[in-house]
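If you want the building blocks of each chain, they are given just below.
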Amino acid sequence: MTSIARYRKNMQAIASQLQRNQDRSLMTQLLAGLDVGTSSCKAVVYTIEGDVVAYGRTATHWERTSGRTEISAVALLAAAEAALREAVAAAPDGEIVGVGVTSMGESSVLLDRRDRPVVPVIAWHDTRDTRELEELEAWVSRSEFAKRTGLPLRQQWSITKIRWATRPERQLADVARRLDVAEWIAFSLGAAPVAEQSLASRTGLFDLAARDWWLDGVQWAGGSARWMPEIVTAGTSLGRASVRPGLERLAGATVTVAGHDHQVAAVGVGAVGEGDALDSCGTAEAIVRTIRRGMPAEAIDTVTAAGVTVGWSPLAGRWTLLGGTQGGRALQVILDVVGLSPEEAAHAAAALGAVSSPVRVDAADPEKISITGIDSSTRPGAIWRAAVGDVTEQVAAIDAAMTKAAGPRGDLVITGGWSGDRSVQESKRRRLGGFRVVAGMEAGSRGAALFAGQAAGVYRGVSDFPPIKGGLALLERGMDEVGVPA
């Protein structure tokens, strides 16, 4: 079947489904947000006022062998669709007018001329590309790479993973297109094949200042200019969802790529003003700050040396600073060591009062945590408090590097699994000052749905996005948390 025939058939199917949904279209308008993460795919359906009405979740099953972590693009799509089906099936009557997709960054989906995946999706934390990283370091200096791409020169980015995949000995089939994960999912749902700017900024193949592909880097990786799609901003209308089994209610909905998950989560919690920051305290802790477009090359060089990335934001005309730690994972390791639950550990630490302790914890590497200053009288609460303090110091160092590069921080919003922990909150208040806590929310899915609303014309832009309901509490010294209900 020719591409024109496929297009006509798809449009006929959409028209038929839209006719069947005519009654629904007179009811409540709904938006779907899909977050394709490392551990799971989460789909949430919202009203255009921002109320949650349905939820779906499916685990992503990676294949892991000796430093290698990968999943087939088809399996990843199946997991994403399963989460969407669950959410859509549970949604009340109404027309789903838009669907937005956000995802983890760095991983590539390479497609042949018939748009079939030709290589597994390699996880961002996969370490098979050690040889390729050494070759990249020999080809370009750390400083030049940072100034060009806004990224530290290290394992993580698409550039070395693609070079590994395209080596001649692997006899890879002809590649016609390279997409990121969210772009692949959106394309499979019916969107045009594009590259969203915040995801492009995580590849190592993108020229930060030019806002375009770095073709020398693409060629070094073994790619071609023809692989690289048009760059767009999150919230761009990319077409209509096609008819897919179990997802008939999505047929005709406007599809958009919302961008990189951490940055889309910042939009989801309302941290969208210049200088505003999100502290996402999960297993990995990510600090995301929205800044004005543009930064001197020397400042980029300095901040990337501190491990902070500089890239385009999902928000039009903005850049993002992003730094991360493995603090959440380290805290779980410490809990396992002391044999306490988070609540028990927080209570034990509080029972120590203001008494100083010689205990010191270095939790920068969860695989090699160092605990010093303990003796037979050391209490578990002291170890826990020291660990929380060290994890907070890691975040404070990232915050300081961002402030030095881009000026004072604005509003700080904290979310994620550890955001409700009393010890973590108190440590962050002492070190970072006041902040807002958003609890019980799939922030990435919410941000994706809001961008879907923008693409569908429900909102004119970010200023029209509905506020989070329930009242965010400003946490200052001596004040108690007031969480936001789910």
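Keep in mind that this is a model prediction, so the values were computed, not measured.

Undergrad: Looking at this model, I keep getting lost on the overall build of the protein chain. Mind explaining?
TA: Counting secondary structure elements, the protein chain contains 16 helices and 23 strands. Taken over C-alpha atoms, the radius of gyration comes to 23 Å for the protein chain, in line with the 23 Å a tight globule of 486 residues would show. Oriented by its inertia axes, the alpha-carbon framework of the protein chain measures out at about 75 × 55 × 40 Å. Every one of the 486 residues in the protein chain was classed for burial, and the buried ones make up 54%. Taking the contacts inside the protein chain whose residues are at least 6 apart along the sequence as the reference set, 71% of them involve residues at least 24 apart. Split by element, the accessible area of the protein chain, about 20200 Å² in all, is 50% carbon and sulfur. In the protein chain, 52 side chains carry a positive charge and 55 a negative one; their mean positions are 3 Å apart.

Undergrad: When you look at the sheet that holds strand S3 (residues 52-59) in this model, what are you seeing that I'm missing?
TA: The strands making up a sheet are joined through hydrogen bonds of the backbone, oriented either antiparallel or parallel. The strand order S3-S2-S1-S6-S14 describes an open sheet built from five strands, whose pairing is mixed. For this open sheet the edge positions go to S3 and strand S14 (254-260), each flanked by a neighbour on one side alone. Direction aside, the axes of adjacent strands within the sheet are offset by 15° on average. Note that strand S1 (residues 29-36) and strand S2 (residues 40-47) share seven bridges and pair antiparallel. The residue bridging alanine 32 from the neighbouring strand is valine 45, located in S2. The strands that helix H3 (residues 73-90) touches are S1, S2, S3 and strand S6 (95-103); relative to S3, the one it contacts most, it runs at about 150°. Here helix H16 (residues 443-455) sits on the sheet and contacts S1, S2, S6 and S14; the angle it forms with S1, its principal contact strand, is near 130°.

Undergrad: For this particular structure, what's the right way to read the packing of helix H5 (residues 142-149) against helix H11 (residues 297-305)?
TA: Think of two packed helices as two axes; the pair is described by the angle between the axes and how far apart they sit. With their axes 9 Å apart at the nearest point, H5 and H11 run at an angle of 110° to one another. Judged by the angle between their axes, H5 and H11 are roughly perpendicular. Relative to H11, H5 is oriented so that their crossing is right-handed. On H11, the residues that touch Arg142, Ser143, Ala146 and Lys147 of H5 are Ala297, Glu298, Ile300, Asp301, Thr304 and Ala305.

Undergrad: What am I meant to see in the environment of threonine 149 here?
TA: The residue threonine 149 is located in helix H5 in this model. For threonine 149, a relative accessible area of 2% puts it in the buried group. Taking the C-alpha atoms as reference points, threonine 149 and alanine 91, 58 residues apart in sequence, are found 41 Å from one another. For threonine 149, the residues in contact, after removing those within four places along its chain, are Ser201, Gly204, Phe206, Leu208, Trp214 and Val310. Reaching out from threonine 149, the side chain makes a polar contact with the backbone oxygen of phenylalanine 145 at a distance of 2.8 Å. Reaching out from threonine 149, the side chain makes a polar contact with the backbone nitrogen of leucine 151 at a distance of 3.2 Å.

Undergrad: Could you clarify how one ought to interpret the environment of arginine 114 in this entry?
TA: Among the secondary structure elements, arginine 114 is positioned in the loop between strand S7 (108-111) and strand S8 (121-122). Between the C-alpha atom of arginine 114 and that of arginine 177, which follows or precedes it by 63 residues, the distance is 9.8 Å.

Undergrad: What am I meant to see in the layout of surface pockets here?
TA: To find leftover empty space, a probe the size of one water molecule is rolled over the atoms. By volume, the largest pocket is sized at about 1600 Å³. Thr38, Trp124, His262, Thr283 and Ala284 are, among the 45 residues lining the largest pocket, the residues nearest its centre. Elements with a contribution of two residues or more to the lining of the largest pocket: S2, helix H10 (261-268), strand S15 (277-281), strand S16 (285-292), strand S18 (318-325) and H16. If you tally residues by element for the lining of the largest pocket, the top one is S18, at four residues. Split into classes, the residues belonging to the lining of the largest pocket amount to 10 nonpolar, 24 polar and 11 charged.

Undergrad: What is the right way to read the nonpolar core from this model?
TA: One recurring pattern in soluble globular proteins: nonpolar side chains tend to sit buried together. Membership of the largest hydrophobic core comes to 71 residues, with the highest contact counts inside it found for Phe145, Ile159 and Trp384. Those residues in contact with tryptophan 384 that lie beyond four places of it in its chain are Leu331, Ile334, Leu335, Ala345, Ala346, Ala349, Trp418, Asp421 and Ser423. Core analysis: the next-biggest nonpolar cluster, separate from the first, contains 46 residues, Leu30, Leu34, Ala80 and Ala191 among them.

Undergrad: Just checking my understanding: could you explain the pairing of S2 for this structure?
TA: For a regular strand, side-chain orientation follows a simple rule: the groups alternate between the two sheet faces. Taking burial as the measure, the eight residues of S2 include eight buried ones, the bulk of the element. Burial of S2 is two-sided: the residues Ser40, Lys42, Val44 and Tyr46 facing one way and the residues Cys41, Ala43, Val45 and Thr47 facing the other way are all buried. Where S1 hands over to S2, the hairpin turn is made up of three residues, counted between the paired strands. The pairing of S2 with S3 spans seven bridges and is classified as antiparallel. If you follow valine 44 over to S3, its bridge partner there is tyrosine 55. Hairpin connection of S2 to S3: four residues between the antiparallel strands, including glycine 50 at a positive phi of 95°.

Undergrad: Just to check I follow, could you spell out H11 for this structure?
TA: Three or four residues apart is the spacing at which side chains of an α-helix point the same way, because the helix has 3.6 residues per turn. Listed in full, the buried residues belonging to H11 are Ala299, Ile300, Asp301, Val303 and Thr304. Packed against the buried residues of H11 are H5, strand S17 (309-312), S18 and helix H14 (380-406). At the exit of H11 stands glycine 307, carrying a positive phi of roughly 90°.

What counts, and where the lines are drawn
- Numbering of residues begins from 1 in every chain and follows the order in which that chain's sequence is written.
- It should be noted that, the model being predicted, local features are given only for residues of pLDDT at least 70 and side-chain atom pairs only at 80 or more, the latter also being counted only at that level, while totals for whole chains, interfaces and linings use all residues.
- Think of the side-chain values as coming from all heavy atoms in the structure, minus any hydrogens and water.
- Numbering goes from the N terminus for both helices and strands, where a helix is a DSSP run of H or I of at least four residues and a strand is a run of E of at least two.
- In this setup the radius of gyration rests on C-alpha atoms only. A globule is expected at 2.2 Å times the number of residues raised to 0.38.
- Burial classes: relative accessible area under 20% of the type maximum marks a residue as buried, over 50% as exposed, and values in between as partly exposed (1.4 Å probe, protein chains only).
- Any two residues whose heavy atoms approach within 4.5 Å at even a single point are treated as in contact.
- To be clear on the numbers: accessible area is Shrake-Rupley with a 1.4 Å probe, and residue cover counts the displayed protein chains and nothing else.
- Under the counting rule used here, the positive set is Lys and Arg, the negative set is Asp and Glu, and His together with the chain ends is not counted.
- By convention, charge coordinates are those of NZ in Lys, CZ in Arg, CG in Asp, or CD in Glu.
- Here a strand pair is declared whenever DSSP counts at least two bridges between the two strands.
- Axes here refer to lines fitted to C-alpha atoms; in helices the fit is confined to the stretch in contact. Angles between the N-to-C directions go from 0 to 180 degrees.
- Here the word oblique covers every angle except those under 35 degrees (roughly parallel), over 145 (roughly antiparallel) and from 65 to 115 (roughly perpendicular).
- It is the rotation of the near helix from the far one that decides the hand of a crossing: anticlockwise by less than a right angle makes it left-handed, clockwise makes it right-handed.
- The term polar contact refers here to a pair of N or O atoms within 3.5 Å; inside protein, the definition further demands a hydrogen-donor-capable atom paired with an acceptor-capable atom, and it admits residues adjacent in sequence only when both atoms are side-chain atoms.
- Using only the protein atoms, space was sampled on a 1 Å grid; points where a 1.4 Å probe fits but cannot get out form cavities, open sets with protein on both sides within 12 Å along at least five of seven lines form pockets, and lining residues are those with an atom within 4 Å of a point.
- Grid points are joined across faces, edges and corners, and a volume is the space filled by probe spheres set on the points.
- In this classification, the charged set is Asp, Glu, Lys and Arg, the nonpolar set is Ala, Val, Leu, Ile, Met, Phe, Trp, Tyr, Cys and Pro, and all remaining amino acids, among them Gly, are polar.
- The criterion is simple. A nonpolar core is a set of buried Ala, Val, Leu, Ile, Met, Phe, Trp, Tyr and Cys residues joined through side-chain atoms within 4.5 Å.

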